[in-house]
Structures are given as structure tokens and as C-alpha cells.
Amino acid sequence: MLETSSRLLSLLALLQSRPAWTGTELAERLEVTTRTVRNDIDRLRELGYPVDATRGPAGHYQLGVGAKLPPLLLDDEEAVAVAVGLRTGAGVAGMADSSTRALTKLEQVLPHRLRRQVNAIHRAMSKGPDNTGSNVEDPEIDPATLTAIAAYIRDEHYVRFDYSIPTGALMRGAGSGRSSDLPVLVEPYRLVSWQRYWYLVARDETGDWRTYRVDWMSLRMATGRRYQPRPMPADDYTDFVLRDVATTGWQVHARITVFAPAQEVLSRIHAAVGIVESVDDSTSVLVTGADSLEIIAVYIGMLGLDFHVDGPPALLTHLESLGTRYLNAIR
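This section reports on the structure supplied with the text. All values derive from a computational prediction rather than experimental measurement.

**A few points about the overall build of the protein**
- Across its full length, the protein carries eleven helices and eleven strands.
- Out of the 331 residues belonging to the protein, those deemed buried represent 38%.
- Long-range contacts, defined as pairs at least 24 residues apart, comprise 61% of the intrachain contacts of the protein with a sequence gap of at least 6.
- Accessible surface for the protein amounts to roughly 19,500 Å². Of this, 53% is attributable to carbon and sulfur atoms.

Okay, here's the thing in C-alpha cells:
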């Protein structure tokens, strides 16, 4: 039989491993009586752990919601997964400090064998840049802003904010939201992270869908007003952001006719390249955008499929020069 302190830790680990346990199940796992389980539950409550009890034939114990986060007991695999995730999270703009603090606390209590595993993974792992086509620094996002917007979405409350696009960034990574001298009032529906940026998908006061860069938003005081939700299908929000940014949010935009089925084109591109629209069984359209003509040309070349480009004129000129350069290379 485990000593009281060890048994309490084992009991806490069980309660954290799944939502509900009967007293009999806990007694069997801990090899004690149900009375001892009840006493240990009382000790956990005295230590500040909110353990709820449901009486009756379906009675059970479960950890409740307390006023603060209690210490968590993780098994070996969970501890390594969290530590590696925090190391990756330390590179997320706006969350580096909090990720580093959490990682420091965790590594202080990791057993030596697990710390060696985490360090080995860290030394052996490299993370490539999120966007190799831009030398623009990652935008800083205040985690409190993301938290507030997520709460508005959860509670179906209107959100009011100032929206100001920095001079010189009018096209880079923008969506359909536009700068306004007056506060913007929208129905918020989804936060989408893509290409180093966070976007809010929302309906504006006219009922149109818009995307707003979160790092260009300054939240105003909460409205407390609820709206009647009119959501998109759950899987459509990310596609909407990709389409909206691809058609409005880059220095160069293009609609490219590809002489292949849409599924064939989709199998050859990364989702960040753009949106593919089906025309018929043998033709599709790639809607894409980038910060330069050169990047658009790379996207097209990597398809390995026949295509036709109608514009913009500068892209036609660039492709003509590129084609001549390639032909000269093999003559």
C-alpha cells in the first residue's frame, strides 16, 4: 500500500487522466478502501484542489474548476510533448516570453532522463522560416488580444475596434478589411493563423464577410451586445481567408488557367499558394498572389502543368523574359 503522500499524488494523477471516476474504481487502482478514497479526496480539497462529487447510482468524482490552475501531473510522454511544444511556441510572435517562462518551470522539475530526451530533440531539431519570400519581421500579437477576441466569438458578442493599416503595408498580407477613421463594429466568427499572420473572420455592418489582420486591430471597450450568429460551414473559414488574401492581400495578383483538373493542381501546390477553382473535368483556375512577380513565376513553374496567363501585364512581360532566358540557356 502506498504511503499517504504518494497515494495522494497517485490519486491526483488518476483524476487528471480522465473526466470521472467512481469511488470503487479509485479504490481498486490505489488498493485501498472506498473510505480511504473519501478521506484522500477531502485532503486534496484542503490543499486547494476542487474535487466535485456526484452521489447516487451514477456517482463519481471529478476535478472541478477552481479559481487558479492547480499543479498538473504529467506522464513521461506528456511531459516531453509539452516541453517540445513550448520550445516551438517560443518562436511564435507575441508569445515568446510566456512560452519561455512555462518551459523553464517545466524543465526545473523534469527527471534527468526526460530532460536529456527534451534536450536531445532540441539539439537535433531545426525550424525553417515560416515565409521564405519575405524579409518583413513577424508581427507582434498581444496574447490578451487573441484571448479577448476568442471570448467575443464564444459569447457571440459584437466586437468594436480601431483598424489602422500601416503606411507602406496596404497590400502585404492584408485581407478585405480596410483602414477606418471611425471604430469598426463586426460580428466575430473565427480566428485563423496563416503565413505568420493572425486574421479575424467577421461580418461587417452591411452583412458582408471580411478578414482583418489582428496586429492592425486596437480593441475598444467591450460592447456587451449579442448578435444572432449566421456562421459559415465550419471548414470554410480558412478557405475564405486564403481566398480573400490571395485576391486582395498581395502586391501581385493573378488568375491562371491551368489545363488540368482541380484535384491535380491541388495535389501539386501548398495550401498557402492560393485557391483552385474547377472549370470542367480538364481545366481549372489558380487564384494566387505574392509580393513579387518572381514568386508568382515560381509558383506557376512548380506546377509542372500547361497553363495560360491573361495578366496582369507586368507578369506577362516577366514570363516572356523568363521564357527567353530559359531558351537561351539550352541553345
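**Things to note about the sheet that holds strand 9 (residues 274–280)**
- Judged by pairing direction, the sheet is antiparallel, and its four strands sit side by side in the order 9-10-8-11 without closing on themselves. The strands lining the two open edges of the sheet, one partner per strand, are strand 9 and strand 11 (307–309). Neighbour to neighbour, the strand axes of the sheet diverge by 25 degrees on average, direction disregarded.
- Bridge analysis of strand 8 (residues 252–258) against strand 11 gives three bridges, and the strand direction is antiparallel.

**Brief notes about the sheet that holds strand 6 (residues 209–213)**
- Judged by pairing direction, the sheet is antiparallel, and its five strands sit side by side in the order 6-5-4-3-7 without closing on themselves. Strands with a single pairing partner mark the edges of an open sheet, and in this sheet they are strand 6 and strand 7 (217–219). Taken over all neighbouring pairs, the strand axes of this sheet differ in orientation by 45 degrees on average, direction set aside.
- Where strand 4 (residues 184–194) and strand 5 (residues 197–203) come together, seven bridges link them in antiparallel fashion. Looking across to strand 5, one finds that Arg190 is bridged to Val201.
- Packed onto the sheet, helix 7 (residues 143–155) meets strand 3 (159–163), strand 4, strand 5 and strand 7 and runs at close to 115 degrees relative to strand 4.

**Quick word on the packing of aromatic side chains**
- If you walk through the whole model with that rule in mind, you get eight aromatic pairs.
- Where Tyr163 meets Tyr212, the ring centres are 5.1 Å apart and the plane angle is 90 degrees; that geometry is what we call edge-to-face. On the criterion of sequence distance, the pair formed by Tyr163 in strand 3 and Tyr212 in strand 6 is long-range, its members being 49 residues apart. Each of the two residues, Tyr163 as well as Tyr212, counts as buried.

About the thresholds
Residues numbered from 1 in each chain as written. Predicted model: local features only at pLDDT ≥ 70, side-chain atom pairs only at ≥ 80, totals over all residues. Heavy atoms only, no water. Helix = DSSP H or I, 4+ residues; strand = E, 2+ residues; numbered from the N terminus. Buried < 20%, exposed > 50% of the residue type's maximum accessible area, 1.4 Å probe, protein only. Contact = heavy atoms within 4.5 Å. Areas by Shrake-Rupley, 256 points an atom, 1.4 Å probe, with all protein chains shown as cover. Pairing = 2+ DSSP bridges. Axes fitted to C-alpha atoms, helices over the stretch in contact; angles between N-to-C directions. Phe/Tyr/Trp six-rings, centres within 6.5 Å; stacked < 30°, edge-to-face > 60°.

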